[in-house]
Amino acid sequence: MKLNKNLILIGNMAAGKTVIGQLLAKKLNLKFYDTDYIIEKKVKMKIFQIFEKKGEDAFRNLEKKIILNLLKKNNSVISFGGGAFLNKIIRKNTQKNGLTIWLKQDPKILIDRIKKNNKRPIALNLSHNELRNLMINRSKFYAKAKYEINCENMEKKAIVDKIINELKL
């Protein structure tokens, strides 16, 4: 399939961007890139270790550099880390060079997923309410996506099909 743009998956942590991105790319026969995975491979550290050892600013700078580079590609599915789309430069370039797709999910479901997983550095020290507020605040940025896909109570395959139908691919 030829898009001449990238499909960019955004949304809160634990929304399923990586899994859905892989399935979507496979179904459309496109390349898949996960920005968090690329960052981990580049610095040979897990995301939470980068936050601990180098700090969030260092992580965000590396994330921006990698994403701006990825956006030069075409015909790819790219999944962003939860905070990437909050960056104004990333958002502007993404909206210019891609089709942004917000995988929208109920914060309660996401919080349950996050609490079962200790790999999310932003969430580790936050209370339930703080985490919920973070998600609500980030949603204001995600709402700027070209497409909004409500993923509540949907199986992965159904979400992929919904994206394909919504984008008329």
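Residues numbered from 1 in each chain as written. Predicted model: local features only at pLDDT ≥ 70, side-chain atom pairs only at ≥ 80, totals over all residues. Heavy atoms only, no water.

1. A short note on the sheet that holds strand S3 (residues 76-79)
Working step 1: Here five strands make up an open sheet; going across it, the order is S2-S3-S1-S4-S5 and the pairing parallel. Only two strands of the sheet have a single neighbouring strand rather than two, namely strand S2 (31-34) and strand S5 (147-150). Direction aside, neighbouring strands of the sheet carry axes that sit 20° apart on average.
Working step 2: Here strand S4 (residues 98-104) pairs with S5 via four bridges, running parallel. Its bridge partner being in S5, Ile101 is matched across the sheet by Tyr147.
Working step 3: In this fold helix H1 (residues 17-28) packs onto strand S1 (6-10), S2, S3 and S4, with an angle of close to 160° to the strand it touches most, S1. (Pairing = 2+ DSSP bridges. Helix = DSSP H or I, 4+ residues; strand = E, 2+ residues; numbered from the N terminus. Axes fitted to C-alpha atoms, helices over the stretch in contact; angles between N-to-C directions. Contact = heavy atoms within 4.5 Å.)

2. A closer look at the pattern of salt bridges
Working step 1: Per the counting criterion, the structure on display carries seven salt bridges.
Working step 2: Between Asp161 and Lys27 there is a salt bridge, with its nearest N and O atoms 2.6 Å apart. With Asp161 in helix H8 (residues 156-167) and Lys27 in helix H1, the pair connects residues that are 134 residues apart, well separated along the chain.
Working step 3: Take Asp161: its relative accessible area is 22%, and that puts it in the partly exposed class.
Working step 4: In this structure, the salt-bridge partner of Arg60 is Glu63, at a minimum N-O distance of 3.0 Å. Here Arg60 and its partner Glu63 are both found in helix H4 (residues 56-70), three residues apart, which amounts to about one turn of the helix.
Working step 5: Residues participating in the shared-partner salt-bridge network are Lys27, Lys157 and Asp161. (Salt bridge = Lys/Arg side-chain N within 4 Å of Asp/Glu carboxyl O. Buried < 20%, exposed > 50% of the residue type's maximum accessible area, 1.4 Å probe, protein only.)

3. Some words on the packing of helix H3 (residues 47-54) against H4
Working step 1: In the contact formed by H3 and H4, the axes pass within 7 Å of each other and the chain directions differ by 125°. Here H3 is positioned oblique relative to H4, judged by the angle of their axes. Residue-level contacts link Ile47, Ile50, Phe51 and Lys54 of H3 to Glu56, Ala58, Phe59 and Arg60 of H4. (Parallel < 35°, antiparallel > 145°, perpendicular 65-115°, else oblique.)

4. Description of the nonpolar core
Working step 1: Core analysis: the biggest nonpolar cluster contains 30 residues, and Leu7, Leu9, Leu24, Ile101, Leu103, Leu131 and Ile163 have the highest contact counts within it.
Working step 2: The set of elements that each furnish at least two residues to this core consists of S1, H1, S4, helix H6 (107-115), helix H7 (128-142), S5 and H8.
Working step 3: Counting residues per element, this core draws most heavily on H8, which supplies five residues.
Working step 4: Aside from chain neighbours lying at most four places away, what touches Ile163 is Leu9, Ile20, Leu24, Ile101, Leu103 and Ile149.
Working step 5: Ile50, Phe51, Ile78 and Phe85 belong to the second largest nonpolar core, which has 22 residues in total. (Core = buried A, V, L, I, M, F, W, Y, C linked by side-chain atoms within 4.5 Å.)

5. Comments concerning the pairing of S1
Working step 1: Where burial is concerned, most of S1 is hidden: five out of the five residues are buried.
Working step 2: Side-chain alternation along S1 places Asn6, Ile8 and Ile10 on one buried face and Leu7 and Leu9 on a second face that is also buried.
Working step 3: Taken together, the five bridges between S1 and S4 define a ladder with parallel strand orientation. Bridged to Leu9 within S4 is Ile101.
Working step 4: Direction of pairing for S1 relative to S3: parallel, over a ladder of three bridges. Residue Ile8 lies in a different strand from S3, and its bridge partner there is Ile78.

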